[in-house]
Amino acid sequence: MAKRLAGWRRWLPPVISAVLVTALIAALLRPGRSGIAGSPLLDKPAPASTLRSLDGVKVELASLQGRPVVVNFWASWCLPCRDEAPLLRSLSETQSDRGLAVLGISFQEPELQNARAFIWEYALAYPSLIDPGARTAINYGVSGVPETFFIDRQGIVRSADRGGLTPARLSEGLSRIGIKWP
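Numbering of residues begins from 1 in every chain and follows the order in which that chain's sequence is written. Selection of residues for local features in this predicted model requires a pLDDT of at least 70, selection of side-chain atom pairs for listing and counting requires 80 or more, and totals for whole chains, interfaces and linings are taken over all residues. Excluding hydrogens and water, the side-chain values take into account all heavy atoms of the structure.

### Focus: the overall build of the protein
- For helices the rule is a DSSP run of H or I covering at least 4 residues; for strands it is a run of E covering at least 2, with both sets numbered from the N terminus onward. The number of helices and strands found in the protein is five helices and eight strands.
- Its helices and strands in sequence order give the protein the pattern α-β-β-β-β-α-β-α-β-α-β-β-α, from N to C terminus.
- Accessible area is worked out with a 1.4 Å probe on protein chains only. A residue is then buried under 20% of its type maximum, exposed over 50%, and partly exposed in between. Residue burial in the protein is summarised as follows: out of 182 residues, 43% are buried.
- Pairs at least 24 apart in sequence give 74% of the contacts found in the protein among residues at least 6 apart.
- By element, 60% of the accessible surface of the protein is carried by carbon and sulfur atoms, the whole surface being about 10400 Å². We call two residues in contact when some of their heavy atoms are within 4.5 Å. Computed with the Shrake-Rupley method and a 1.4 Å probe, the accessible areas treat only the protein chains shown as cover for residues.

Shown next as structure tokens:
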């Protein structure tokens with residue numbers, strides 16, 4: 001009997017570890033991890049923020065009221081951010097003259113040179129802003145990157161998206177702020 005108990009105890013730690021790893025993987029891969037997301041900001045005014053671009057230009061979100069706005073939190077080290085960058089570039093290129101404002105906010109970027117290289121690599125022409133201390137990210141409730149917020153002309157957050165944007169999810173978010181795309 002003692003041998004049987006000793007054998008069972010020997011397998012207990014690996015079994016518990018396997019269960020915990022399985023639970024972690026399931027949590028990371030669960031539906032809702034990416035895509036249109038719930039946010040406490042939905043149908044509320046977008047948090048006010050004043051940030052500077054990598055070029056030092058001051059940008060106030062409040063100054064964009066009257067225009068629909070897409071705010072994308074990104075980082076150069078984020079693979080889904082790299083996947084969605086061409087989509088956001090295309091959106092900015094085709095919709096800016098129609099009143100849409102696209103803003104990128106660099107999230108926890110350890111080296112600003114990496115952010116500059118990312119912008120250059122993807123030829124991003126819309127403003128990319130620096131968020132010292134991640135204060136704006138905290139105000140938006142950002143838990144990771146990429147996260148994108150769709151703000152209507154009245155400055156109200158109408159949609160939030162977690163994970164790399166797809167054309168369909170981008171179109172859905174844009175439709176919630178009155179923009180038809182593509």
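### What to know about unusual backbone geometry
- A cis amide bond links Val145 to the next residue, Pro146, at an omega of -5°.
- Counting through the fold element by element, Pro146 comes out in the loop between helix H4 (135-140) and strand S7 (147-151).
- Put simply, Trp181 and Pro182 share a cis peptide bond, and its omega is 0°.
- Structurally, the position occupied by Pro182 is in the segment after helix H5 (167-175).
- For Ala123, which is not glycine, the phi torsion reads 50° and is therefore positive.
- Note that Ala123 resides in the loop between helix H3 (112-121) and strand S6 (128-130).
- Taking the relative accessible area as the measure of exposure, Ala123 reaches 47% and is therefore partly exposed.
- Of note in this structure, Ala134 is not a glycine but carries a positive phi near 55°.
- Mapping Ala134 onto the fold places it in the loop between S6 and H4.

### Quick look at the confidence of the model for the protein
- Residues at a pLDDT of 70 or more form 81% of the protein, whose mean pLDDT is 86.
- The pLDDT score gives, residue by residue, the confidence of the prediction method on a 0 to 100 scale. Per-element averaging of pLDDT across the protein places helix H1 (residues 2-29) at the bottom with 54 and strand S4 (residues 69-74) at the top with 98.

### What to know about the state of the cysteines
- The term disulfide is used for any two cysteine sulfur atoms that are within 2.5 Å. This structure, assessed with the given rule, holds one disulfide.
- Across the disulfide, Cys78 is cross-linked to Cys81 (sulfur-sulfur distance 2.4 Å). Measuring handedness by torsion sign, the sulfur bridge of Cys78 and Cys81 sits at about 80° and is right-handed.
- A relative accessible area of 3% means that Cys78 is categorised as buried.

### So, the pattern of salt bridges
- In the sections that follow, a salt bridge refers to a side-chain nitrogen of Lys or Arg positioned within 4 Å of a carboxyl oxygen of Asp or Glu. For the coordinates displayed, the defined rule picks out seven salt bridges.
- A salt bridge links Arg176 to Glu172; the shortest N-O distance between them is 2.8 Å.
- When salt bridges that share partners are traced, they join Asp43, Asp152 and Arg158 into one network.

### Quick notes on helix H2 (residues 79-95)
- Here H2 contains 17 residues, and its C-alpha end-to-end distance of 25 Å stays within 8% of the 24 Å for a straight helix at 1.5 Å per residue.
- Buried within H2 are the following residues: Cys81, Glu84, Ala85, Leu87, Leu88, Leu91, Ser92 and Gln95. Given a helix with a known number of residues, its expected span is that number minus one, times 1.5 Å.

### Brief notes about the nonpolar core
- The biggest cluster of nonpolar side chains holds 48 residues, and the ones touching the most others in it are Val71, Tyr140 and Leu174.
- The set of elements that each furnish at least two residues to this core consists of S4, H2, strand S5 (101-106), H3, H4, S7, strand S8 (157-162) and H5.
- Other than its neighbours up to four places away in sequence, Val71 contacts Leu61, Leu103, Ile105, Tyr140, Glu147, Thr148, Phe149 and Ile151. Among the buried residues, those of types Ala, Val, Leu, Ile, Met, Phe, Trp, Tyr and Cys that are joined through side-chain atoms within 4.5 Å form a nonpolar core.

### As for the side chain of Ser92
- Tracing the backbone through its elements, the reader meets Ser92 in helix H2.
- The residues touching Ser92, leaving out its near neighbours within four places in the chain, are Val102 and Tyr126.

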